[in-house]
Amino acid sequence: MERVQSKNLFNFPLKGLAEGAVAEIDAQIRAVHSSGPPAEIGRKINELSLKDDEESRSQLLSMIRANNTGLAMMVSSVPPFQEAAKNIQATEFKVPTSHDGNFDVLVEVYTPKTLVGRSDNAAFIFAHGGGCVSGDARESKPYLDWMALSADMVAFNVDYRLAPEAKCPTNVRDFYEAIKYICQNAEKLGIDPKKICIAGQSGGGYVVAGACVMLAQNDESHLIKLAMPAIPMVDDYAFSDPGAMTLEERDSHTVMRQVWRMIAADIDQQADDPLLYPGKASDEIMAKFPPTVLVVGEFDMFITSTARLARRLRRAGRLLEFVVFPGVTHHVCIWPAFRTGEMFDGTIKKIIQEYLHK
């Protein structure tokens, strides 16, 4: 494949600290999590992550899902997202799959009313966050309504199956099958087949990266104009020596070890499987990835893994941009006030405009 050409759109100065609006949002998040139920859930999550038995892991899963539900409830009440929903036509369809029993993958579709009836829309196929163990498509609707409207595209929100009920690679395969269905039915869905983006955040970023591996393995990356994993889980760095980790990586590594154990069917046998750890894909597979933009925060708990993936994709000629938001943690990056601010919103819209619409 030909090497992609970066437009070198972004070069945020990294200063090793949070400033301005980012610092204010970070302070808000810390205040929310410092007392009451959020603080108790956080304390319990950290406590359970240090235990290695099935009962503790089950309790940990419940706490993670409760935490995710709380965040989703807050996001749903954000005024800009609520306003965007008024201008969206919401529909859905299901994609039949058989790779892990017979299962229909739900795909919710959010079309700006101004784009209804057109046949040349850009597609934004999305995998929600939640570490692949929590969340669902519905919880991402408020943000995707906003994104679809502001970036002039149709959002396809894929409700892939979660671990531990469904083990890897079911999550990746669910998303891959949704991608293939949308590509094969582009005309019926009003989509320009030459303007398809796949994107996801956190656990959804992992699902997207895993789908990139599958597309590369099957020589199908030409189907995708742009891949955009954001703040993604991509490898087993959490199992390495915490002494060499950043503060945020060190604070989260015990939880992430447990999350990966929930996702894997057999974590030892799958240690080198790129559908579990996309960052371990071979150089040959990396060279067949779709054109990719990686997005992460300077203080994200996945900064080292994402930076390593960026370097490998750049060497392979498949990296369009590596965007690092200064002073931003994982929590800041998913916080509504940051999502609707110029740093994040302006960046994502520029990526879509320059690498998807053009």
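For every chain, the first residue of the written sequence is number 1, and numbering continues from 1 along that sequence. Given that the model is predicted, a residue must reach a pLDDT of at least 70 before its local features are reported, and side-chain atom pairs must reach 80 or more before they are shown or counted; all residues, however, enter totals for whole chains, interfaces and linings. Water and hydrogen atoms were dropped before computing side-chain values, which therefore reflect all heavy atoms in the structure.

**Description of the pattern of salt bridges**
In what follows, salt bridge is the name for a side-chain nitrogen of Lys or Arg lying within 4 Å of a carboxyl oxygen of Asp or Glu. Under the definition given, this model contains 22 salt bridges. Put simply, Glu47 and Arg43 hold a salt bridge, and the shortest N to O gap is 2.9 Å. Of this pair, Glu47 and Arg43 both sit in helix H2 (residues 36–49), four residues apart, which is roughly one turn of that helix. Look at the salt bridges and you will find they share partners, linking Glu40, Arg43, Lys44 and Glu47 into a network. Strands here mean DSSP runs of E at least two residues long; helices mean DSSP runs of H or I at least four residues long; both are numbered from the N terminus.

**Looking at the packing of aromatic side chains**
In this scheme Phe, Tyr and Trp rings, the latter by its six-membered ring, pair at centre separations within 6.5 Å, and the angle between planes marks the pair as stacked below 30 degrees, edge-to-face above 60, and tilted otherwise. Applying the stated criterion across every chain, the model contains 14 aromatic pairs. On the basis of an interplanar angle of 65° and a centroid distance of 5.9 Å, the ring pair of Phe81 and Trp146 is categorised as edge-to-face. Taken as a pair, Phe81 in helix H4 (residues 79–85) and Trp146 in helix H5 (residues 137–151) lie far apart in primary sequence, 65 residues in all. Taking the centre distance of 6.1 Å and the plane angle of 20° together, the rings of Phe124 and Phe126 count as stacked. Taken individually, Phe124 and Phe126 each receive the classification buried, so the pair is uniform in this respect. An aromatic cluster is defined as three or more aromatic residues linked by ring pairs; in this entry it consists of Phe10, Phe12, Phe81, Phe124, Phe126, Tyr143, Trp146, Phe325, Phe338 and Phe344. A ring is considered to have a charge above it if a Lys NZ or an Arg CZ atom is located within 6 Å of its centre and within 35 degrees of its normal. Just above the ring of Tyr355 sits the side chain of Lys7; from NZ or CZ to the centre is 5.5 Å. In this arrangement the basic side chain of Lys141 is found over the ring face of Tyr110, its NZ or CZ atom lying 5.3 Å from the centre. Categorising residues by exposure relies on relative accessible area from a 1.4 Å probe, with only protein chains included: less than 20% of the type maximum marks a residue as buried, more than 50% marks it as exposed, and the intermediate range marks it as partly exposed.

**Thoughts on helix H3 (residues 54–76)**
The length a helix should cover is 1.5 Å for every residue beyond the first. Counted at 1.5 Å a residue, the expected span for H3 with its 23 residues is 33 Å, and the 33 Å between its end C-alpha atoms agrees. Every buried residue of H3 is listed here: Ser56, Arg57, Leu60, Leu61, Ile64, Asn68, Ala72 and Val75. Contacts were defined at the residue level, with two residues in contact if any of their heavy atoms lie within 4.5 Å. Tucked into the core, H3 has its buried residues touching H2, H4, H5, helix H9 (247–263) and helix H13 (336–339). Where H3 starts, the residue carrying a side-chain oxygen 3.2 Å from the main-chain nitrogen of Glu55 turns out to be Asp53. Contacts described as polar in this section are N or O atom pairs within 3.5 Å, which, within protein, must combine one atom able to donate a hydrogen with one able to accept it, while residues neighboring in sequence count only if both atoms come from side chains.

**Section: the packing of H2 against H9**
Any two packed helices are characterised by the angle at which their axes cross and by the distance between the axes. Relative to each other, H2 and H9 sit at 65°, their axes nearing to 9 Å. Put simply, H2 runs roughly perpendicular to H9. Relative to H9, the crossing made by H2 is left-handed. Facing H2, whose interface residues are Ile45, Asn46 and Ser49, H9 presents Asp251, Thr254, Val255 and Gln258. Here the residues of the contact of H2 with H9 sort into two nonpolar, four polar and one charged. Fitting a line to C-alpha atoms yields each axis, with helices limited to the stretch in contact; the angle taken between N-to-C directions then spans 0 to 180 degrees. Geometric relationships in this document are graded by angle, where less than 35 degrees denotes roughly parallel, more than 145 denotes roughly antiparallel, 65 to 115 denotes roughly perpendicular, and other angles denote oblique. Less than a right angle of anticlockwise turn of the near helix away from the far helix marks a crossing as left-handed, whereas a clockwise turn marks it as right-handed. Put simply, Ala, Val, Leu, Ile, Met, Phe, Trp, Tyr, Cys and Pro go in the nonpolar bin, Asp, Glu, Lys and Arg in the charged bin, and everything else, Gly too, in the polar bin.

**Quick word on the pairing of strand E3 (residues 121–127)**
Of all seven residues making up E3, seven are buried, and the element is well covered by its neighbours. Alternating residues of E3 divide into Asn121, Ala123, Ile125 and Ala127 and Ala122, Phe124 and Phe126, and every residue in both groups is buried. Strand pairing is assigned whenever DSSP detects at least two bridges linking the two strands. Alignment of E3 against strand E5 (residues 191–201), held across six bridges, turns out to be parallel. Bridge pairing in E5 places Phe124 opposite Cys197. Both E3 and strand E4 (residues 154–158) contribute to a ladder of five bridges, which runs parallel. Looking at the pairing, Ala123 lines up with Val154 of E4.

**Regarding the state of the cysteines**
In what follows, a disulfide is any cysteine sulfur pair within 2.5 Å. Under the definition given, this model contains zero disulfides. We note that Cys183 lacks a disulfide partner, and the nearest cysteine sulfur, in Cys197, lies 12 Å from it. You can see Cys212 has no disulfide; the closest cysteine sulfur is in Cys197, sitting 9.7 Å from it. Given the relative accessible area of 1%, Cys212 is considered buried.

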